[in-house]
Amino acid sequence: MDSPNSIINKIVNAELNMQEKLKNAEKELKVELRKKILELENQKKEKYIIIEKNAEKIIQNAEESAQKIFSEYEKEILLLKEKFKFLEKDIDNFASNVLEKMIS
């Protein structure tokens, strides 16, 4: 049978071993946590880069679409101006004809 001092020493040693194991486990967990945080930060950066690229593409497409729409309306405006010029000439001719008929 073990002496009381021997039992106390075993308990103390077991406690010290447990504390050492807990410290080591805590260190390992902290290292794993740091690794995971770095991994998540890198994934976040990668996703931001993807989002930025997509945003640039969307903006570029929107600018191109706006330019196409503007060009189409610009052409339409020019056509309407030409038609208006013809209408002005027709109105002038019509007014001249009316005046001539009124005079004669």
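Numbers given to residues run from 1 along each chain, matching the order in which its sequence is written. Since the coordinates come from a predicted model, pLDDT governs what is reported: local features require at least 70, and pairs of side-chain atoms require 80 or more to be given and counted, while whole-chain, interface and lining totals use all residues. Neither water nor hydrogens contribute to the side-chain values; these are computed over all heavy atoms in the structure.

(A) Representation of the overall build of the protein chain. Of regular secondary structure, the protein chain possesses one helix and zero strands. A globule of 104 residues ought to have a C-alpha radius of gyration of about 13 Å, yet the protein chain, at 44 Å, is considerably larger. If you line up the protein chain on its principal axes, its C-alpha atoms span 150 × 20 × 10 Å. Here the term buried applies to any residue with accessible area under 20% of the maximum for its type, exposed to any over 50%, and partly exposed to those in between, with areas from a 1.4 Å probe on protein chains only. Of all 104 residues assigned to the protein chain, the portion counted as buried reaches 0%. For helices the rule is a DSSP run of H or I covering at least 4 residues; for strands it is a run of E covering at least 2, with both sets numbered from the N terminus onward. Our radius of gyration looks at C-alpha atoms and nothing else; its globule reference is 2.2 Å times the residue count to the power 0.38.

(B) Just the pattern of salt bridges, in detail. Whenever Lys or Arg places a side-chain nitrogen within 4 Å of a carboxyl oxygen from Asp or Glu, that contact is recorded as a salt bridge. Under the counting rule described, the total for this entry stands at five salt bridges. Ionic pairing is found between Asp2 and Lys10, a salt bridge with its closest N-O pair at 2.7 Å. Taking relative accessible area as the criterion, Lys10 reaches 48% and is therefore assigned partly exposed. One salt bridge in this structure joins Glu32 and Lys35, with 3.9 Å as the shortest N-O distance. Of this pair, Glu32 and Lys35 both sit in helix H1 (residues 4–103), separated by three residues, roughly a single helical turn.

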